[in-house]
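As a plain string of letters, each chain reads:
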Amino acid sequence: MKQGNHGSSHPQSRKAPGHEHGVHAGDGVDRRLHNPIADRLTPLEPLDLNKVKSVDDLVRAMSKTAFTGRQLGEAADVLEAMARDEECFVVLTLSGAMTVAKQGLIVTDLIDRGIVNAVVSTGALMAHGLVEATGRAHFRYNPEVSDEELYEQGYNRVYDTLEPEQNLDDVEEVMSAVLEGWDHNEIMCSYKLNHAIGEYLAGHTGDQRGILKSAHEKGVPVFVPAFSDSELGLDTALNNRFRESTGRHKIRFDPFEDLEHFAATLLRQKKLGIITIGGGVPRNWSQQFGPFCELRHRRLGENVPLKRYHYGLRICPEPVYWGGLSGSPYSEAISWGKFVPPAEGGRFGEVFVDATVGLPLIVAAVFERLDKKGSAGVKKGKKMVRR
């Protein structure tokens, strides 16, 4: 018979660690159960839809639940803190097909309200945003139509949405007007070109809204680090070939002007925040600001402050275990000198969800908070950045 199953009419009590007899590797312990109230644990609350009267009500209620719902609610608190912090300069990074997915006006609102002070984006996202800003549309994809047929018909597919090739031809007309007016003596970089595009839109599109138009009007620089990897870059390349074929000087493009202007702009700020939609080049390019400052100080002996981001809001479904940048948490970036640790005042919210779901809910909730009567509202004295 197995020891302990028989031989005693009274069950033996479990021994606590430190007793000489009855304790073996792998045994449990005589637990001393705590009172969660005495330990000051935060209780969760059932999500009662009968009490939800607004988007903000829903998001606040979600913050008291669990899993992604709680992440979303807590992320809204971080965005609100950034919006109200008068010393915080906020960088928005954008990757993925957010404008094709019709999220562009959310970005526009963030710019118009002074919450976002600089944008770092993929070029494709800005190009597809120009489609909307010039009054064109994207369309639902019919899965019964094959990709071969779509190609023949001139429809470019982005998952469940179509971008007609004609739209991009129409965007090229805008680009051509801007590029033909560019003085070849002025070196081009992405934030200068996007400013010029925004200026053109402000003068030619009436009441039509768009990211680059609002960015121009509010003095918000828009950087595209991987500029040649986009329709905008291809249009610029074509314009240069046309210039060359007609005996004119080509436009010179210097991406380091973007880097230096971005760094100089952030160095002038007291506090920094970042909103990360997706990941990719826009995220890494924006986050490398901290290491860039450190290398200038350590390797070149420059007297520059070692600035890092105080706030961070990230919306991305990419899991961390693939090892890629898009899925890496802000805590990992602390080790690179990119973010202020929470122990020193850093504050972060990260939501593992599709941004077309998370961004509208978070932003709508925060807008409701800022618009409430008696609210302190958005930060004053926005840091305008002119070309």
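Refer to the preceding data block for the structure.
Everything quoted here is computed from the prediction, not taken from an experiment. (Residues numbered from 1 in each chain as written. Predicted model: local features only at pLDDT ≥ 70, side-chain atom pairs only at ≥ 80, totals over all residues. Heavy atoms only, no water.)

A.B. asks: Got a sec to walk through the packing of aromatic side chains? Specific residues and values, please.
C.D. replies: If you walk through the whole model with that rule in mind, you get 10 aromatic pairs. With a centroid separation of 5.3 Å and an interplanar angle of 80 degrees, the aromatic rings of Phe223 and Phe262 are classed as edge-to-face. Of the two residues, Phe223 is situated in strand 6 (residues 222–223) and Phe262 in helix 10 (residues 255–267); the sequence distance between them amounts to 39 residues. Classification of Phe262 as buried rests on a relative accessible area of 2%. Arranged with centres 4.6 Å apart and planes meeting at 10 degrees, the rings of Phe227 and Phe253 form a pair that is stacked. Taken together, the positions of Phe227 in the loop between strand 6 and helix 9 (231–245) and Phe253 in the loop between helix 9 and helix 10 put the pair 26 residues apart, joining distant regions of the chain. Look at Phe227 and you get buried, because its relative accessible area is 6%. Taken together through their ring pairs, the aromatic side chains of Tyr191, Phe223, Phe262 and Trp285 make up a single cluster. Geometry around Tyr141 places Arg157 over its ring, the cationic atom sitting 4.8 Å from the centre. (Phe/Tyr/Trp six-rings, centres within 6.5 Å; stacked < 30°, edge-to-face > 60°. Helix = DSSP H or I, 4+ residues; strand = E, 2+ residues; numbered from the N terminus. Buried < 20%, exposed > 50% of the residue type's maximum accessible area, 1.4 Å probe, protein only. Lys NZ or Arg CZ within 6 Å of the ring centre and 35° of its normal.)

A.B. asks: Please provide a residue-by-residue account of the nonpolar core, values included.
C.D. replies: Counting 63 residues, the largest nonpolar core has Leu79, Met82, Met126, Leu193, Ile275, Ile277 and Ile362 as the members making the most contacts within it. Discounting chain neighbours no more than four positions away, the residues touching Ile362 are Leu72, Ala75, Ala76, Leu79, Leu313, Ile315 and Val351. Grouped together as the second largest cluster of nonpolar side chains are 22 residues, Leu272, Trp285, Phe292 and Cys293 included. (Core = buried A, V, L, I, M, F, W, Y, C linked by side-chain atoms within 4.5 Å. Contact = heavy atoms within 4.5 Å.)

A.B. asks: Give a description of the sheet that holds strand 5 (residues 161–164) that names residues and reports values.
C.D. replies: In spatial order, the strands read 3-5-4; together these 3 strands make up an open sheet with antiparallel pairing. Both outer strands of the open sheet, strand 3 (139–140) and strand 4 (155–158), are each paired with one neighbouring strand and no more. With 4 bridges joining them, strand 4 and strand 5 adopt antiparallel strand pairing. If you follow Tyr155 over to strand 5, its bridge partner there is Pro164. Packing against the sheet, helix 6 (residues 165–180) makes contact with strand 4 and strand 5, and its axis sits at approximately 45 degrees to strand 5. (Pairing = 2+ DSSP bridges. Axes fitted to C-alpha atoms, helices over the stretch in contact; angles between N-to-C directions.)

A.B. asks: Give a detailed account of the pattern of salt bridges, specifying residues and quantitative values.
C.D. replies: Scanning the model with the defined rule gives 22 salt bridges in all. Notably, a salt bridge pairs Asp56 with Arg60, separated by 3.0 Å at the nearest N-O pair. Here Asp56 pairs with Arg60, and both are found in helix 1 (residues 55–62), just 4 residues apart, close to one helical turn. Judged by its relative accessible area of 1%, Asp56 is buried. The closest approach of N and O atoms between Glu180 and Arg248, which form a salt bridge, is 3.1 Å. Placement of the pair is Glu180 in helix 6 and Arg248 in the loop between helix 9 and helix 10, with a sequence separation of 68 residues. (Salt bridge = Lys/Arg side-chain N within 4 Å of Asp/Glu carboxyl O.)

A.B. asks: Quick rundown of the sheet that holds strand 1 (residues 88–94)? Include the residues and the values.
C.D. replies: Strands in a sheet are paired, the pairing made by backbone hydrogen bonds, and the direction either parallel or antiparallel. Spatially, the 6 strands line up as an open sheet ordered 6-2-1-7-8-9, and their pairing is parallel. In the strand order of this sheet, the two ends are held by strand 6 and strand 9 (347–351), each with one partner. Bridge count for strand 1 against strand 7 (residues 271–277) is 7 bridges, and the pairing is parallel. Each bridged residue has a counterpart across the sheet, and for Cys88 the counterpart in strand 7 is Lys271.

A.B. asks: Run through the packing of helix 3 (residues 104–112) against helix 8 (residues 211–218), naming residues and quoting values.
C.D. replies: Orientation of helix 3 relative to helix 8, taken along the N-to-C sense of each, is 5 degrees, at an axis distance of 9 Å. The angle between helix 3 and helix 8 falls in the class roughly parallel. Where helix 3 approaches helix 8, its residues Gly104, Val107, Thr108, Ile111 and Asp112 are matched on the opposing element by Ile211, Ser214, Ala215 and Lys218. Across the contact of helix 3 with helix 8, the residue classes tally to 4 nonpolar, 3 polar and 2 charged. (Parallel < 35°, antiparallel > 145°, perpendicular 65-115°, else oblique. Nonpolar A, V, L, I, M, F, W, Y, C, P; charged D, E, K, R; others polar.)

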